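The chain contents come next:
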Amino acid sequence: RRNGPLTVADRDYVGGLVAALNKLREGHPKLGIRRVDWYKTPVIGPRLLSPASEAGQAILTVVSINGTYLAKSTRIAMEGLEKTLESLPKPPAGLNLALTGSAAVGRDMNKASDESVSNTTWATIALVVIILLVVYRSPLLALIPILTIALSVWVSLMAIAVLAKLPGLNFQ
């Protein structure tokens, strides 16, 4: 809360949030959520509640996840956490929620990387088509190398899919 100390409604909302996160942790152990710490957790809890001031007050809720910040399992856990947060009612007026930490940064980096690869792929396809049209000066003649390239990409992707199913080869 930016404009003063947390209210009872704010604390109750955070209590509901922690309950929902613990329910997710217990209901989906494959997500790798180890534990959820908040201001009522013994020993560490009081450190997760900032002192009240005119500038505001904050509660940190720490969700410990197994895995590194770029791992697929962490991305899946982050998706579960986001869905849980979206399913909660809106926070009380003036209370702001933020999702941060290494797992959130890793997820954002993966999204940006995937988007960049997609944009590069489409730009490359467009440039190849334009170059072939300029070189061959005929759409029909340019179609032959385009179909050859498409067939080779399809065969390569199918070969990778078959290799991924072989026993002993583990991919993330």
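The structure we're discussing is the one just above.
As a starting point, this report considers the structure included with it. (Residues numbered from 1 in each chain as written. Predicted model: local features only at pLDDT ≥ 70, side-chain atom pairs only at ≥ 80, totals over all residues. Heavy atoms only, no water.)

Points about helix α3 (residues 102-136)
Thinking step 1. Taking 1.5 Å of rise per residue, 35 residues should cover 51 Å, and α3 covers 50 Å from first to last C-alpha, within 8% of that figure.
Thinking step 2. Turning to α3, its buried residues are Ala103, Ala104, Gly106, Arg107 and Leu132.
Thinking step 3. Where α3 is buried, its residues touch β2 (62-65), α2 (72-87) and α4 (139-164).
Thinking step 4. Phi turns positive, to about 60°, at arginine 137, one or two residues after α3. (Helix = DSSP H or I, 4+ residues; strand = E, 2+ residues; numbered from the N terminus. Expected span 1.5 Å × (residues − 1). Buried < 20%, exposed > 50% of the residue type's maximum accessible area, 1.4 Å probe, protein only. Contact = heavy atoms within 4.5 Å.)

Some points on the pattern of salt bridges
Thinking step 1. Counted by the stated rule, this structure contains six salt bridges.
Thinking step 2. Aspartate 10 serves as the salt-bridge partner of arginine 1, at 2.5 Å between the closest nitrogen and oxygen.
Thinking step 3. A salt bridge links glutamate 26 to arginine 25; the shortest N-O distance between them is 3.4 Å.
Thinking step 4. Judged by relative accessible area, arginine 25 falls into the partly exposed class, the value being 23%.
Thinking step 5. A network of salt bridges, in which partner residues are shared, links Glu82, Arg107 and Asp108. (Salt bridge = Lys/Arg side-chain N within 4 Å of Asp/Glu carboxyl O.)

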